[in-house]
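# Report on the structure
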Amino acid sequence: MSDDTAWLDATGQADLVRRGEISPAELVEGAIARIEKLNPGLNAVIHELYEHARTEAAGDLPDGPFRGVPILLKDLGAELAGTPFCEGSDFAGDYRSTVTQELTLRFQRAGFVICGKTNTPEFGILPTTEPRRFGATHNPWHTGHSTGGSSGGSAAAVASGMVPVAHANDGGGSIRIPASCCGLVGLKPTRARVSTAPRYGDLMGGLVAEHVVTRSVRDSAAVLDAVAGPVPGDPYWAPPRRGASFAAAAATAPGPLRVAVMTASPTGSAVHADCVAATEQTAALCEALGHYVEPASMEVDGDLFTTHFINVWAAGNAWALADWEERVGRTATEVDVEPLSWALISLGRSLDSGAYLRSQQELQKLSRGIAEYFEGIDVLLTPTLGEPPAPLGTFDSPAESPLDGLFRSAAYVPFTPPFNVTGQPGISVPLHWNEAGLPIGSQFVGRFGDEETLLALAGQLEAAAPWSDRRPPVSA
């Protein structure tokens with residue numbers, strides 16, 4: 001397969017299959033060859049499903065919009081029955097999934113061919129992908145730096161050209177963070193836009209959203225068309241979209257939008273000059289495209305927000321370990337998981353029900369205030385991260401203080417968690433690289449239920465300042 005074909009996005013690859021210019025089997029073999037070539041240096045793919053992929057590609061694939069296109073599943077969330085699943089943890093052992101998630105089924109119905117599973121931090125906790133079990137995933141733009149997390153394996157695979165699209169999910173920024181670190185498009189959809197059935201109703205009190213990381217806006221939109229929608233029995237679901245499709249929205253430039261720009265951290269932490277400069281340049285591009293740009297500020301009690309968010313996060317991870325104990329049929333001990341995970345889970349177990357519900361209530365009060373602010377604007381523009389991609393090891397914790405890495409992450413990702421709390425859609429777009437050659441993402445946040453405006457604006461920005469010709473040093 002030529003490099004030109006390898007660097008087509010998923011929509012482009014599917015079009016070749018549709019026109020009979022390439023077969024699904026050829027696309028899959030090309031992806032496998034690139035994974036085998038690049039993965040030893042990047043450690044993005046941890047479970048190879050090559051024979052499964054070859055069988056699927058040679059068979060009667062569904063005639064979906066992505067028929068024959070190779071995809072990777074993050075090893076957290078999107079289960080495939082009969083395949084290894086461990087969420088980055090030693091405790092999972094050699095567990096294999098007993099169910100296939102609805103999201104995975106929707107990928108398959110769209111015609112995607114699953115080629116493997118990607119690396120993730122243990123239980124998806126940290127904004128970097130360095131689990132004890134599998135080791136660090138390396139950023140293809142600079143292998144000494146983090147890919148972000150928790151969808152870091154997926155982001156490295158897509159950025160390096162292994163596959164054009166990979167599954168990702170986001171409970172505090174885990175789609176947008178690795179998209180920013182690896183120069184990709186990362187859309188976190190509105191809460192409950194994508195179902196977590198059949199195993200779950202929601203995840204971590206609604207913090208978690210499922211989707212993908214991609215190289216193009218049109219892919220992100222078209223995949224959302226393929227996977228969005230509730231399943232009977234879901235506890236709640238997102239408002240219906242307004243237009244014909246998310247793909248149509250991405251292909252249609254928006255009218256003039258009111259864009260509020262915030263470069264100061266809402267929790268008061270420092271923001272790196274590279275991230276501020278990238279956001280200001282994105283704001284200038286928006287203004288040049290005819291949008292109304294105005295400064296914004298969002299004052300949040302940083303200590304209070306961090307306390308309540310970590311309480312909910314800790315309770316969610318206590319639940320996650322209990323879920324794993326039920327899966328494998330034994331009780332976990334301290335040696336079964338990483339020290340940071342054990343400390344966070346212990347915190348979650350120490351919370352009584354009243355403390356958990358108070359934290360949920362305080363976060364919901366914050367959500368109401370933010371929603372009221374969005375009544376006066378169309379989108380909010382912020383840096384995706386507070387810093388450029390971090391060197392590997394940045395979030396390590398000393399043995400005597402195992403939660404230090406988690407608290408360190410609060411300054412790294414001040415802009416993404418608030419919108420997991422509110423449930424609003426957010427997208428990171430790769431418009432800038434710093435002098436060191438590292439990607440710096442810009443985050444746009446929309447009103448609850450309004451991915452269409454985000455996709456329209458992102459598509460317009462992509463057309464005005466294309467990023468598709470950028471290739472990382474480690475790539476196909």
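Report follows, based on the coordinates. Bear in mind that the values here come from a model prediction, so they are computed numbers and not experimental data.

Conventions and cut-offs
Residues numbered from 1 in each chain as written. Predicted model: local features only at pLDDT ≥ 70, side-chain atom pairs only at ≥ 80, totals over all residues. Heavy atoms only, no water. Axes fitted to C-alpha atoms, helices over the stretch in contact; angles between N-to-C directions. Helix = DSSP H or I, 4+ residues; strand = E, 2+ residues; numbered from the N terminus. Parallel < 35°, antiparallel > 145°, perpendicular 65-115°, else oblique. Contact = heavy atoms within 4.5 Å. Salt bridge = Lys/Arg side-chain N within 4 Å of Asp/Glu carboxyl O. Buried < 20%, exposed > 50% of the residue type's maximum accessible area, 1.4 Å probe, protein only. Pairing = 2+ DSSP bridges. Right-handed = clockwise from strand over helix to strand, strands pointing away. Phe/Tyr/Trp six-rings, centres within 6.5 Å; stacked < 30°, edge-to-face > 60°.

Where helix α11 (residues 302-328) meets helix α12 (residues 339-350), the axes come as close as 7 Å, and the angle between the chain directions of the two elements is 100°. The angle between the axes of α11 and α12 places the two elements in the roughly perpendicular class. Packed against α11, whose contacting residues are I310, W313, A314, A315, N317, A318, L321 and E325, the element α12 presents W342, L344, I345, L347, G348 and R349 at the interface.

Turning to the pattern of salt bridges, a few remarks are in order. Within this structure, the stated rule accounts for 22 salt bridges. Close ionic contact of D15 with R19 constitutes a salt bridge, the shortest N to O distance being 2.1 Å. Judged by its relative accessible area of 46%, R19 is partly exposed. For R327, the salt bridge goes to E79, with nearest N and O atoms at 2.9 Å. Placement of R327 in helix α11 and of E79 in the loop between β2 (70-74) and α5 (102-109) is noted, with a sequence separation of 248 residues between them. In this structure R327 comes out as buried when scored by relative accessible area, which is 14%. Among the residues examined, E79 registers a relative accessible area of 0% and is labelled buried. Taken together, the shared-partner salt bridges in this structure form one network comprising E79, R199, D323 and R327.

This part covers the pairing of β2. Burial runs high along β2: five of the five residues are buried. The alternating pattern of β2 places P70, L72 and K74 on one face and I71 and L73 on the opposite face, and all of these are buried. Across five bridges, β2 lies against strand β3 (residues 113-118) in parallel orientation. Residue pairing for β3: I71 is matched across the bridge by I114. Read from β2 through α5 to β3, the crossover connection turns out right-handed.

Okay, the packing of aromatic side chains next. Each pair of aromatic rings is reported with the distance of its centres and the angle of its planes. Per the stated rule, a full pass over the model turns up 10 aromatic pairs. Aromatic pair Y200 and W319: ring centres 5.5 Å apart, planes at 75°, arrangement edge-to-face. With Y200 in the loop between β7 (185-188) and β8 (209-214) and W319 in helix α11, the pair connects residues that are 119 residues apart, well separated along the chain. Three or more aromatic residues joined by ring pairs make a cluster, and in this case those are F66, F107 and F112.

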